[in-house]
Structures are given as structure tokens and as C-alpha cells.
Amino acid sequence: MIQIPEHIILLIEKQLNGHLNDEEAHILQQWRSEKREHEVIYQQLEKIWQQSGSILQETVYDEEQAWSKVDHRLSQGRNRSTIRLITRLAAAACIAGVLFIAGWLFYHNQAPALQLAKADQMNMPVTLPDGSQIILRKGATLSYPKEFSGNIREVTLTGEAWFEVQHDKSHPFRIQTKRATMEVLGTTFSINTNDQKDELIVATGKVLFTNKADTAEKHIIYPHQYSVLTKNGFDTKALTDSNFLSWKTGIIKFSNTSIEEMASTLSNYYGLYVRPDSVLKELPVLPTITAKFDKQPLDSVLEEIKLLVNISYRKQNDTIVLFKQ
Amino acid sequence: MNSNDLYVQFRLLFRQLYDPLTKYAYTFVLDHTSAEDIVQDVFVRIWEKHQSIIESPQARPYLYRAVKNACLNHLGSKKRIQLASFSDADFDENNNITWTVTEEPDEDDIPNYRELLKKGIEQLPEKCREIFLLSRSGQLSNQEIADHLGISIKTVNNQTWKAMKLLKAFVQKAKSWLWPVITYFFTRL
């Protein structure tokens with residue numbers, strides 16, 4: 001029979017949870033090498049701990065199937081509550097709209113034909129009639145006229161895109177999103193627009209960024225600035241994320257980047273949810289990462305990170321959980 | 001945050017917690033179908049009535065509490081009283097854990113060590129098992145578990161280690177009778 005002193009139990013517990021400091025590790029190591037039985041006990045405990053953790057964390061239930069049931073139940077309720085209000089408004093709007101469009105077409109039967117570019121499967125380059133180059137990120141859509149007429153070159157964007165606008169002082173280039181208007185003369189910049197926010201990053205030149213809800217609110221955004229418009233208004237700051245164009249270039253660069261920041265960059269780039277586990281997040285000293293990846297599949301990126309900083313990963317459906325080895 | 005994004009958030013929460021919560025529910029209702037139904041109902045109710053919790057840092061502890069309550073309701077009042085009362089006093093026991101070491105063959109030699117351990121976990125005393133499951137599923141911190149059960153962090157630790165001790169004894173016992181059984185079969189071959 002062997003008594004394990006309470007302070008040693010505490011150390012073993014810390015060790016198994018992965019937050020033991022150097023001094024404590026030393027004490028524990030000493031205890032382990034004191035007697036063979038100590039080492040045996042430690043090994044046995046470690047094994048039970050790891051195996052039981054893996055048993056308890058092993059996926060048993062089919063989450064996808066369960067979700068489809070829940071989603072189905074909710075979609076009925078979800079639509080019902082919104083339909084009442086929306087159908088009435090929509091019905092009214094439809095009638096008004098149809099009448100208006102009919103009338104408009106009747107009197108102005110020369111509305112400019114709109115082109116729609118949609119990047120369904122992969123990033124897609126688009127050349128506009130004026131020679132401007134646009135790259136749409138997978139999922140983005142851009143509508144633009146077959147020919148630019150009038151004084152203004154105007155396009156509409158949803159999703160993320162990179163713009164290289166042909167310089168033409170007499171014909172300002174205007175991008176409409178749901179929430180904002182961005183106007184430029186000729187410059188390069190990147191826009192990401194979705195339901196919650198419009199993000200703008202300028203590489204060269206400058207862009208006039210206007211809130212549609214309050215057109216008095218205009219901001220001029222300069223190179224290496226990052227500006228975001230949400231329902232709470234504008235926020236503009238110096239660009240810190242060097243990976244804002246990785247979706248276009250395929251290159252991801254980390255330089256002394258924290259794990260959480262890295263996880264969010266990878267989530268964004270690979271369209272998956274990557275997160276550190278709770279133990280990793282709570283480590284007093286988190287490693288940082290300096291590395292460069294060039295069009296690598298996620299697996300090889302994660303393997304390299306594993307070698308660099310000893311952080312391993314496991315897959316749970318389409319979430320990738322990072323944890324300390 | 002608009003409704004769509006909230007729904008995405010909700011979906012992520014579901015993905016992360018569905019399996020651990022259902023396992024937790026199973027420890028009470030001991031029936032896979034009921035456990036799954038209960039957890040699904042809890043999620044549906046959250047979307048319908050408590051959307052505000054989805055983005056809150058309290059979402060996890062809240063879900064664990066909701067699942068436990070739903071399980072206890074499912075079981076009816078009798079079992080409920082028996083199960084629900086957690087207090088530090090229940091665990092007031094001597095902490096001098098003793099460990100026996102046997103110089104027998106290593107556990108690697110035990111066929112199906114994992115299966116054995118699974119059985120061991122199932123046979124832990126109810127409350128001890130509940131705490132062990134919560135702490136080893138990696139979803140709640142010890143503080144959150146303590147709050148969830150209304151006990152102290154120290155008790156959570158003690159119980160986790162009591163479970164470790166019981167599991168170790170269980171494995172060892174299995175080993176000591178397994179060996180004679182195995183050798184018996186081998187000699188008969």
C-alpha cells in the first residue's frame with residue numbers, strides 16, 4: 001500500500017490537465033523517480049486519465065442527423081413568425097413594384113442591360129467594360145452594366161472582392177452594397193460586404209466610403225487603412241491583418257501571431273471553424289507562430305504548426321480543435 | 001447581430017455540445033432515444049424562447065442545467081429527489097487516498113482495456129460519475145461544474161480523483177481475476 005501525499009496528487013492533476021510549471025514539474029519528476037512504485041502509479045493514472053477522457057469525448061451520437069431534425073422543427077416556426085409580417089409588406093411591395101416596373105419599362109424601354117457575375121465554385125476574375133479588373137471571392141456576386149453610360153461607373157457587390165479600378169477622372173467609379181456606397185477615381189482595394197458589415201481595405205489611392213443610412217457620413221479611406229461599417233457606424237484603423245488578401249493570393253503569413261488570431265485566419269481562409277480548446281486558451285504563456293504557407297491544404301498547414309509549436313489538432317465534423325500536446 | 005448570424009451561432013453551439021450533452025443526459029435517463037429527444041427539445045426551446053443566451057458566455061453552463069432539469073422532469077419526482085440533491089456534505093470523506101501497486105503484468109496485456117474502463121466508468125457511483133463525466137468531457141471548467149451542481153471546486157476535484165481511484169481499483173481487480181480465467185482457458189485448449 002502506498003500513500004500518495006496530497007500535494008503530489010495536486011501536481012499529478014495539474015500535470016494531466018497540462019498546466020504544470022517548471023518548478024512543479026521538477027518536484028513531480030523527483031517523486032516519480034524516488035521509487036519504482038511511484039512511477040508505476042503515475043503511469044497507471046496517466047493511462048486511465050487519457051483513456052477515460054478519450055472514451056468520454058468520443059462521439060457517440062449523430063449530430064448531423066439530430067441537427068436536421070431540429071432545423072426542420074425550427075424552420076417551420078421560424079418562417080411562420082416572420083412570414084406574417086413580411087408577407088403583408090412583401091405583398092404590398094410586390095404590387096407596387098410590379099406596377100412601377102411595368103410603367104418604367106413602358107416609358108423607358110432602354111434600361112441598361114445588367115450583367116451578373118457569380119463566383120460559385122472558386123474565385124473568379126471579372127473585367128469590366130472600362131477595363132477595370134475585379135476578382136470575386138468564392139461566394140461573391142457582382143452586377144454591372146454591359147456598357148457604362150452616363151457620368152458614373154456603377155456596380156453592385158455582395159461578398160468579398162478585390163478591385164483594380166481604371167483611372168478615369170471624369171467618370172467616378174461607384175460600388176453599391178446593401179449598406180454603403182464607395183466611390184473612387186482609380187485605385188486598388190478590397191471589399192467584403194455581407195449582412196452585418198461592409199469592410200474596406202485600401203491598397204493604393206483613396207476611396208470615399210458613404211453610409212447609405214446617413215449620407216452625410218462620408219469617410220475618406222487611405223492606403224493601409226482598414227475601415228468597417230456596421231449598424232453602429234464606421235470604425236477605421238491602421239491595417240494590422242497582413243492576410244486580408246490571402247483568399248486571392250493563396251499565401252498565409254504569420255509573424256508572431258497568437259493562436260487565436262491564427263485560428264481565425266485559418267477559419268476564414270478554409271471556410272471551416274478552427275478553434276483552440278479551453279485548456280490551450282487558458283495557458284499562461286501562449287506560443288506565437290511565425291510561418292508562411294503557400295496554397296497549402298489545411299492538413300499540411302496543421303502538420304507544420306504541430307511541428308513548430310507542439311500544438312496538435314483533431315477533427316470534429318467540420319470543426320478543427322487545436323490542443324496542446 | 002441579425003437573425004441569420006444568430007442562427008449560425010446557434011448551429012455551432014449545437015455542433016459542439018450535442019454529443020457531450022446527450023451523453024450527459026444518458027447518464028440520467030439510461031436510454032439513448034430519450035436522451036437524444038431531450039437534448040433536441042432543449043435546443044428547440046432555446047431558439048424559441050431564450051435566444052439571448054446563445055451569444056452569452058453562460059450558454060454552456062445554461063445548456064447543461066437545462067438538460068439536467070429536463071432529464072429530471074422526464075424521470076418524475078421520485079427519482080428527482082434522489083438525484084438532485086447535491087451538497088458538499090455528501091462528499092465529506094477522508095481524503096487520504098491510498099493506492100495499491102501490483103507488480104503484475106502491465107495493463108497493456110489486458111485484452112480490451114478500453115472496454116474495461118468503459119464498464120468501470122458506468123459503474124462509478126452516480127454522483128461521482130456525473131462529476132467525472134462533466135470534468136472529463138472538456139466542455140465546462142471546474143468552476144462551472146461547481147456552480148452547476150452547487151458544490152465547491154474542492155469537491156469537484158476530490159470527486160474526480162475519487163473516480164480515478166475507483167477506476168484504477170476496478171481495472172486492477174479485473175486484472176487479478178482475468179488472468180486466472182485467461183490462463184484457465186489457455187490450459188484447456
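The preceding data block contains the structure.
What comes next is a walk through the structure. As the structure is a computational prediction, the values presented were derived from the model and not from experiment.

The next subject is the packing of aromatic side chains. The full count for this structure, using the stated rule, is 18 aromatic pairs over all chains. Consider the rings of F10(B) and F43(B), whose centres lie 5.9 Å apart with planes at 65°: the pair is edge-to-face. Remark: F43(B) occurs in helix 2 (residues 32–49) and F10(B) occurs in helix 1 (residues 3–29); sequence separation between them is 33 residues. For the pair F14(B) and F43(B), a centre-to-centre distance of 4.7 Å together with 70° between the ring planes defines the contact as edge-to-face. One end of the pair, F14(B), is in helix 1; the other, F43(B), is in helix 2, and 29 residues separate them in sequence. No difference in accessibility class separates F14(B) from F43(B), as the two residues are buried. The rings of W67(A), Y7(B), F10(B), F14(B), Y18(B), F43(B) and W47(B) are connected pair by pair, giving a single aromatic cluster. The positively charged end of R136(B) is found above the aromatic ring belonging to W49(A), 3.8 Å away from the centroid.

Attention now goes to the sheet that holds strand 16 (residues 273–276) of chain A. Residue and element names in this part refer to chain A. Taken in spatial order, the three strands of this open sheet run 16-19-18, and their pairing is mixed. Bordering the open sheet on either side are strand 16 and strand 18 (311–316), each of which pairs with just one other strand. Sheet twist, expressed as the average angle between the axes of neighbouring strands with direction ignored, equals 25°. Pairing geometry for strand 16 and strand 19 (residues 319–324), over four bridges, is parallel. Paired with P276 across the strands is L322, a residue of strand 19. Its contacts with the sheet place helix 6 (residues 259–270) against strand 16, strand 18 and strand 19, and it is angled at close to 170° to strand 16.

What follows is about the pattern of salt bridges. A complete count under the given rule lists 17 salt bridges over all chains for this structure. Note that K178(A) and D195(A) form a salt bridge whose closest N and O atoms lie 3.4 Å from each other. With K178(A) in the loop between strand 7 (173–176) and strand 8 (180–184) and D195(A) in the loop between strand 9 (188–193) and strand 10 (198–204), this pair connects stretches of sequence that are 17 residues apart. Where E115(B) meets K118(B), a salt bridge forms, and the shortest distance between an N and an O atom there is 3.9 Å. Of this pair, E115(B) and K118(B) are both found in helix 5 (residues 113–122), three residues apart, which corresponds to roughly one turn of the helix. Several salt bridges share partner residues, and in doing so they unite E63(A), E64(A) and R11(B) into one network.

As a further point, take the pairing of strand 10 of chain A. All names here are of chain A. Most of strand 10 is tucked away, with five of its seven residues classed as buried. Pairing of strand 9 with strand 10, which is carried by six bridges, proceeds in the antiparallel orientation. Counterpart to I191 in the pairing with strand 10 is L200. Here strand 9 folds back onto strand 10 in antiparallel fashion, the turn holding four residues. Pairing of strand 10 with strand 13 (residues 225–230), which is carried by four bridges, proceeds in the antiparallel orientation. Counterpart to L200 in the pairing with strand 13 is S227.

About the cut-offs
Residues numbered from 1 in each chain as written. Chains lettered and ligands numbered in written order. Predicted model: local features only at pLDDT ≥ 70, side-chain atom pairs only at ≥ 80, totals over all residues. Heavy atoms only, no water. Phe/Tyr/Trp six-rings, centres within 6.5 Å; stacked < 30°, edge-to-face > 60°. Helix = DSSP H or I, 4+ residues; strand = E, 2+ residues; numbered from the N terminus. Buried < 20%, exposed > 50% of the residue type's maximum accessible area, 1.4 Å probe, protein only. Lys NZ or Arg CZ within 6 Å of the ring centre and 35° of its normal. Pairing = 2+ DSSP bridges. Axes fitted to C-alpha atoms, helices over the stretch in contact; angles between N-to-C directions. Contact = heavy atoms within 4.5 Å. Salt bridge = Lys/Arg side-chain N within 4 Å of Asp/Glu carboxyl O.

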